[in-house]
Amino acid sequence: MKLNKIKYVVVGAFFAMGGMTTSCDTLDIKNLETYDESMVWHDANLASAYVNNLYAECFTNWSVSADGNSDILTGMPWYLGTITETGSSYKKWTYTEIRHINEAIKRLEASTELDQDLVNNLLGQAYFMRAYMYYWMVLHHGGVPYIKVPQDKDKDDLFVKRNSTPECFQFMIEDLDKAITLLPAKIAGTSNDYGRIDQCFAKSWKAKTLLLKCSPQFNPNHPYDNAYWKEAYAAAKEAYDFCVANGVALTGNYADIWLQEQGPEVVFPVINKNPNRVSNWASATRPASISRGVNQSNPTWEFVKDFPMLDGRRFDDPSGKYYVGDENALLKSFWKNRDPRFNQVVFYNGSEYPVAGKPSGYRQYNALGISNADDQYGINPAAHTNAVNNDVYSGFYNYKAADMTLTQATVLTYDIDYILMRFAEVMFIYAEAANETGHSDVAIDMLKQIRKRAGIEAGADGLYGLSVGSREAIRKAILDEREIELCYEGHRFWDLRRTRNMMKLAGWTKHGIEAIAINPDGTDMDLNEARTKTNNYELTTGDFRYVIHQVPYTEAAEREFVIEESFYFFPIQKVNLDENPNLEQNNNWGGTFNPTME
């Protein structure tokens, strides 16, 4: 049974009715816009409840669409007209949440009645959350108005100007430094405070913020020779060393990172607990026939090709121990001799699927005319019809953090904690900053540790298949390893954008593979015979041939990414510009504001 930890979900009625609500550990404020300040900021429980509710406003949960905007999951989010000044896509303007945070900071800084230790702890959390929320706005748009007080629409001048991008980074670091001085070093998984912000998270997020500051995205003319890399390295080293000193470490088995909660790799978790806070992760990643709806998270064939082999080399690298050859050769054995993480995050036709409620030896199939109609993918002419989900499915499933103990009836109760930041990401941040500041040995060591944990063979040179002969090679190795290690966790598109590799997605097309059952001599198997065999789980992955199809398949659908250079900084939405005449539009969208550090 999950431990009762900090509770983010809002429940019950509010103070206006003269009462207050309770949960296992905290009090919850239903509406932060209508709270009674005369009660909240003079009461320790209510002040804590106010800050606790900020967590729900700031931190997201599991999202099956997190990497749908990249090359590793199916979906076509980048079509002509996706990004416009008038539209809401890829806009971040979270000033309602900022106001709530600023209210907490103002009241806590002025508090004379609450215990000072409590005030300091709550202030530390609020300072962090302010920096965190501004991080995402700056990531989207460059510099924004950095508001530090709760503005009153009836008293304050709301026509504020945008702070410069350098100023925003300065203010974020100031907020994070304040937070670090006030927060506990590390909150143990056994603590009732588990799920609250601590110094390990704050120091790690500071390093992430400074990595963004020095990045090619924000320094297009001096991407790897600007002075900001040194401060990023110093912060990353401090975060890494501090985490290690406080017991943070890589989880021994990659699959256990999520399934064994409160593990050593967690830097910051978003707590889930059925029935108060659950996620659709299981229902949206499972095959539809054993879930409660259509599968919404399908790895691409391109992503499968990117996965290393067991020796850490690509399938088409002639120097590799498990060299396969070209793409057509890989089709015949894509599941063999792969980086062990492959079978922990990608699930495919003919694999055993040990899910609760199914018999021992159960295998999952997606072949057209053979498997359950809800799972079918392909256009096999022998079936005399096309599968209905060819615009979405790919022949692969997302197997990451899969809870096999949930039956089809209970799949909507998925409540595994979402790890918003884990130690592997801290190691990547450290590696990236180290590589650009003359510490290539540190960068290589971080990558080796991650690959060793993955189960990749060390090789005679002890490099786990890494190509790290130059700073440029290490830079590429870090980006490639992030794609694999952090897949489906929402990093891929932002990594490509931050490193100014986003344009590699321009014109991008995605593909899946159809499974067609074959006889031992390689001829196509009669579908009736194949159905009989699959009903008895007799066919394995190798008893099929595989055909590549573009996803989406429908000719009328958007079929390739439309990515433009202007997307390195998204525009301020026109409705915000209209409301505040002092706001300038970004210069890459026809305005005068420079969103970079230069």
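What you see is a predicted model, and the numbers here were worked out from it, not measured in a lab. (Residues numbered from 1 in each chain as written. Predicted model: local features only at pLDDT ≥ 70, side-chain atom pairs only at ≥ 80, totals over all residues. Heavy atoms only, no water.)

(A) Region of interest: the side chain of Asp375. The topology assignment puts Asp375 in the loop between strand S4 (363-364) and strand S5 (396-398). Within the structure, Asp375 has its side chain in polar contact with the side chain of Ser289 (distance 2.5 Å). Looking at Asp375, its side chain comes within polar contact range of the side chain of Gln364, at 2.8 Å. Apart from residues no more than four positions distant in its own chain, Asp375 is found in contact with Pro287, Ala288, Ser289, Gln364, Tyr365, Asn366, Tyr393 and Tyr397. (Helix = DSSP H or I, 4+ residues; strand = E, 2+ residues; numbered from the N terminus. Polar contact = N/O pair within 3.5 Å; in protein donor to acceptor, adjacent residues only side chain to side chain. Contact = heavy atoms within 4.5 Å.)

(B) The side chain of Asp311, seen in detail. Structurally, the position occupied by Asp311 is in the loop between helix H10 (301-306) and helix H11 (327-331). At 5.4 Å, Arg313 is the nearest oppositely charged side chain to Asp311, a buried residue that forms no salt bridge. If we ignore the near neighbours within four places in the chain, the residues touching Asp311 are Gly320, Lys321, Tyr322, Ile456, Glu457, Tyr464 and Gly465. (Buried < 20%, exposed > 50% of the residue type's maximum accessible area, 1.4 Å probe, protein only. Lys, Arg positive; Asp, Glu negative; His and termini not counted. Salt bridge = Lys/Arg side-chain N within 4 Å of Asp/Glu carboxyl O.)

(C) Examining the nonpolar core more closely. Among the nonpolar cores identified, the biggest contains 169 residues, and Phe59, Phe128, Met129, Phe201, Phe334, Val346 and Leu420 are the most heavily contacted of them. With 15 residues, the top contributor of residues to this core is helix H4 (residues 116-141). Those residues in contact with Phe128, other than ones at most four positions away along the chain, are Phe59, Leu176, Ala179, Ile197, Phe201, Ala202 and Trp205. Within the second largest apolar cluster, 9 residues are counted, among which are Tyr353, Tyr362, Tyr399 and Met404. (Core = buried A, V, L, I, M, F, W, Y, C linked by side-chain atoms within 4.5 Å.)

(D) Region of interest: the packing of helix H2 (residues 44-58) against H4. Running from N to C, H2 and H4 point in directions that differ by 20 degrees, and their axes come no closer than 11 Å. Comparing their axes, H4 and H2 come out roughly parallel. Relative to H4, H2 is oriented so that their crossing is left-handed. Note on element contacts: H4 touches H2 through Leu118, Leu122, Gln125, Met129, Tyr132 and Met133, opposite Ala44, Ala47, Ser48, Val51, Leu54, Tyr55, Glu57 and Cys58. (Axes fitted to C-alpha atoms, helices over the stretch in contact; angles between N-to-C directions. Parallel < 35°, antiparallel > 145°, perpendicular 65-115°, else oblique. Left-handed = near helix turned anticlockwise from the far one by under 90°.)

(E) Region of interest: the pairing of strand S1 (residues 266-270). Most of S1 sits inside the fold, with 5 of its 5 residues counted as buried. In this sheet, strand S6 (residues 418-422) lies alongside S1 in antiparallel orientation, the contact comprising 4 bridges. Note that in S6 the partner of Pro269 across the bridge is Ile419. (Pairing = 2+ DSSP bridges.)

(F) Layout of the environment of Arg482. Tracing the sequence through the fold places Arg482 in helix H15 (residues 471-485). If we skip the residues at most four places from it in the chain, Arg482 touches Glu425, Phe428, Cys487, His491, Asp495 and Arg498.

(G) Representation of helix H17 (residues 527-535) within the structure. Turning to H17, its buried residues number three or more, namely Leu527, Ala530 and Thr534. The arc that holds the buried residues of H17, viewed along the axis, is 55 degrees, so those residues lie on one side. Tucked into the core, H17 has its buried residues touching strand S7 (510-517). Downstream of H17 by one or two residues, Tyr537 has phi in the positive range, about 60 degrees. (Arc of directions from axis to C-beta.)

(H) Just helix H6 (residues 199-213), in detail. If you check H6, its first and last C-alpha atoms are 21 Å apart, about what 15 residues at 1.5 Å a residue would give, namely 21 Å. Within H6, 15 of the 15 residues are buried, leaving the element largely enclosed by the surrounding structure. (Expected span 1.5 Å × (residues − 1).)

(I) Layout of the confidence of the model for the protein. Here the protein averages 93 in pLDDT, while 93% of its residues score no lower than 70. The low-confidence segment residues 7-27 (pLDDT under 50) makes 53 contacts with residues lying over four places distant or belonging to another chain. (pLDDT = per-residue confidence, 0-100.)

(J) Up close: the pairing of S7. Within S7, 8 of the 8 residues are buried, leaving the element largely enclosed by the surrounding structure. Going residue by residue along S7, you find Lys510, Gly512, Glu514 and Ile516 tucked away on one face and His511, Ile513, Ala515 and Ala517 tucked away on the opposite face as well. Here 8 bridges tie S7 to strand S8 (residues 544-551), and the two strands are oriented antiparallel to one another. Among the inter-strand pairings, Ala515 is bridged to a residue of S8, identified as Tyr546.

(K) Representation of unusual backbone geometry. Pro275 follows Asn274 through a cis peptide bond whose omega is 5 degrees. With omega at 5 degrees, the peptide bond leading from Val551 into Pro552 counts as cis. The residue Pro552 is located in the loop between S8 and helix H18 (574-579) in this model. A positive phi angle, near 55 degrees, is found at Asn337, a position not held by glycine. Following the sequence through the fold, Asn337 ends up in the loop between H11 and helix H12 (342-345). Judged by its relative accessible area of 42%, Asn337 falls in the partly exposed class. At Ala401, a residue that is not glycine, the phi angle is positive and equals roughly 55 degrees. Turning to its location among the elements, Ala401 is positioned in the loop between S5 and S6. Of the residues examined, Ala401 reaches a relative accessible area of 6% and is grouped as buried.

(L) Up close: the environment of Glu327. With respect to the helices and strands, the residue Glu327 is situated in helix H11. For the pair Glu327 and Thr190, spaced 137 residues apart in sequence, the C-alpha separation works out to 48 Å. In contact with Glu327, other than residues within four places in its own chain, are Trp301, Lys305, Phe315 and Ile548. Here the side chain of Glu327 touches Trp301 through a polar contact of 2.7 Å, side chain to side chain.

(M) Spatial organisation of empty space enclosed by the protein. If you walk through the whole model with that rule in mind, you get 5 cavities of 30 Å³ or more. Here the second largest cavity is characterised by a volume of approximately 50 Å³. Around the second largest cavity sit Lys186, Ile187, Tyr194, Gly195, Arg196, Asp198, Val266, Val267, Phe268 and Pro269, which together line it. (1 Å grid on protein atoms, 1.4 Å probe; cavity = no way out; pocket = protein on both sides within 12 Å on 5 of 7 lines; lining within 4 Å. Points joined across faces, edges and corners; volume = space filled by probe spheres on them.)

(N) Seen up close, the pattern of salt bridges. Across all of its chains, the model carries 38 salt bridges by this definition. Measuring nitrogen to oxygen at the nearest pair gives 2.7 Å for the salt bridge that ties Glu103 to Arg107. Separated by 4 residues within a single helix, Glu103 and Arg107 lie in helix H3 (residues 95-109), roughly one turn from each other. Judged by relative accessible area, which is 4%, Glu103 ranks as buried. Classification of Arg107 as partly exposed rests on a relative accessible area of 22%. Note that Arg498 is salt-bridged to Glu432, the shortest N-O span being 2.5 Å.

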